[in-house]
Amino acid sequence: MHPPETEPSDRIGLLQRASPRFKLLAAIILITATALLPRRPHILYLVPALALLLLWPLSRMPLSYIWRRLLVVELLVLGIASLSLINPAATPMVLAAIIKSNLCIFTLLMLTWTTPFYDILQELRRFRLPTVMLTILTLMYRYLPVLVEESRRMQRARASRTFSPRRRLAWQNLSTIIGQLFIRSAERAERIYLAMCARGWK
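Below: a short report on this structure. (Residues numbered from 1 in each chain as written. Predicted model: local features only at pLDDT ≥ 70, side-chain atom pairs only at ≥ 80, totals over all residues. Heavy atoms only, no water.)

### Thoughts on the nonpolar core
So, step 1. Judged by nonpolar contacts, the single largest core of 13 residues is most densely connected at Leu52, Met61, Ile66, Phe106, Leu109 and Met110.
So, step 2. Put simply, the parts of the chain that give this core at least two residues each are helix 3 (63-81) and helix 4 (91-114).
So, step 3. Considering each element in turn, this core owes the most residues, 6 residues, to helix 4.
So, step 4. Not counting chain neighbours up to four residues away, the residues in contact with Leu109 comprise Met61, Tyr65, Ile66, Arg69 and Leu70.
So, step 5. Within the second largest apolar cluster, 8 residues are counted, among which are Leu24, Leu111, Leu121 and Leu124. (Core = buried A, V, L, I, M, F, W, Y, C linked by side-chain atoms within 4.5 Å. Buried < 20%, exposed > 50% of the residue type's maximum accessible area, 1.4 Å probe, protein only. Helix = DSSP H or I, 4+ residues; strand = E, 2+ residues; numbered from the N terminus. Contact = heavy atoms within 4.5 Å.)

Structural data, given as structure tokens:
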């Protein structure tokens, strides 16, 4: 395991100094309790919401960090919520699912903000999770920045060859980049796997 990265002084709060095991267990308990809440909006939903609001100032997690990530997830959540238009009777259950999803996502955001990812992996290893699962998580975390940088290079290359400002063409270029990135990711994953097998990994 690599040592945790040094955090900026303005990011260090009380929760950052807490034990990673305590934070991980607290997050698991809070997410499990939220998932077990009634399937319709209920006053009990205020319990995890108030707990998160009380912990938020201790984490020093900026609102912009939360908003950007919740916005991405909300697209999926709202897509699922649109199913309530088919069956209006399911609207309360869909609304409850939206609330639960946001509470659980907020919990995970606070956990990842206050705890380095390698510390989380170390605690999961102590909980005796399968080694294959932990290895996959480690490789995913290691190569996500590589994929992000690869997508940026592809976007710059595409932009340097595109002179039309038409929005339709921009969407076509984006779909092409996504497809090429998927193919390159699969090829890179295959090369990494073969290199690991050549070094005795099974």
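Read on, since the account is not over.
### What to know about the environment of Ala96
So, step 1. Take Ala96: it is sitting in helix 4.
So, step 2. It is 5.1 Å that separates the C-alpha atoms of Ala96 and Pro41, two residues lying 55 residues apart in sequence.
So, step 3. Apart from the residues within four sequence positions on either side, Ala96 is in contact with Pro38, Arg39, Arg40, Pro41 and Tyr45.

### A short note on the packing of helix 2 (residues 46-59) against helix 4
So, step 1. Across the interface, helix 2 lies against helix 4 with an axial gap of 11 Å and an inter-helix angle of 25°. Relative to helix 4, helix 2 is oriented roughly parallel. Handedness of the helix 2/helix 4 crossing: left-handed. The residues of helix 4 that touch helix 2, namely those facing Pro48, Ala49, Leu52, Leu55, Trp56 and Ser59, are Leu103, Phe106, Thr107, Met110, Trp113 and Thr114.
So, step 2. Taken together, the residues of the contact of helix 2 with helix 4 break down into 9 nonpolar, 3 polar and no charged. (Axes fitted to C-alpha atoms, helices over the stretch in contact; angles between N-to-C directions. Parallel < 35°, antiparallel > 145°, perpendicular 65-115°, else oblique. Left-handed = near helix turned anticlockwise from the far one by under 90°. Nonpolar A, V, L, I, M, F, W, Y, C, P; charged D, E, K, R; others polar.)

### A closer look at the side chain of Lys100
So, step 1. Mapped onto the fold, Lys100 is located in helix 4.
So, step 2. Polar contacts involving the side chain of Lys100 include one to the main-chain carbonyl oxygen of Ala35, which spans 3.2 Å.
So, step 3. Those residues in contact with Lys100 that sit more than four places away from it in its chain are Thr34, Ala35, Leu37, Pro38, Arg39 and Tyr45. (Polar contact = N/O pair within 3.5 Å; in protein donor to acceptor, adjacent residues only side chain to side chain.)

### A word on the pattern of salt bridges
So, step 1. Under the definition given, this model contains 2 salt bridges.
So, step 2. The partner of Arg21 in a salt bridge is Glu123, with the nearest N and O atoms 3.0 Å apart. Placement of the pair is Arg21 in helix 1 (residues 20-35) and Glu123 in helix 5 (residues 117-126), with a sequence separation of 102 residues.
So, step 3. The exposure class assigned to Arg21 is partly exposed, which follows from its relative accessible area of 36%.
So, step 4. With a relative accessible area of 5%, Glu123 lands in the buried category. (Salt bridge = Lys/Arg side-chain N within 4 Å of Asp/Glu carboxyl O.)

### Focus: the side chain of Gln16
So, step 1. On the secondary structure map, Gln16 appears in the segment before helix 1.
So, step 2. A distance of 3.0 Å separates a polar side-chain atom of Gln16 from the backbone oxygen of Ser59.

### Observations concerning the packing of aromatic side chains
So, step 1. One pass over the full model with this rule turns up 4 aromatic pairs.
So, step 2. Between the aromatic rings of Trp56 and Phe106, the centroid separation amounts to 6.3 Å while the plane-to-plane angle is 85°, which identifies the pairing as edge-to-face. With Trp56 in helix 2 and Phe106 in helix 4, this pair connects stretches of sequence that are 50 residues apart.
So, step 3. We classify Trp56 as partly exposed; its relative accessible area is 27%.
So, step 4. Plain terms: the ring middles of Tyr118 and Tyr141 are 5.3 Å apart, the flat faces sit at 90° to each other, and that makes the pair edge-to-face. Placement of Tyr118 in helix 5 and of Tyr141 in helix 6 (residues 131-160) is noted, with a sequence separation of 23 residues between them.
So, step 5. Exposure remark for Tyr118: the relative accessible area of 14% places this residue in the buried category.
So, step 6. In this structure an aromatic cluster arises from ring pairing among Phe117, Tyr118 and Tyr141. (Phe/Tyr/Trp six-rings, centres within 6.5 Å; stacked < 30°, edge-to-face > 60°.)

### Observations concerning the environment of Leu109
So, step 1. By the element assignment, Leu109 lies in helix 4.
So, step 2. Taking the C-alpha atoms as reference, Leu109 lies 8.9 Å from Tyr65; in sequence the two are 44 residues apart.

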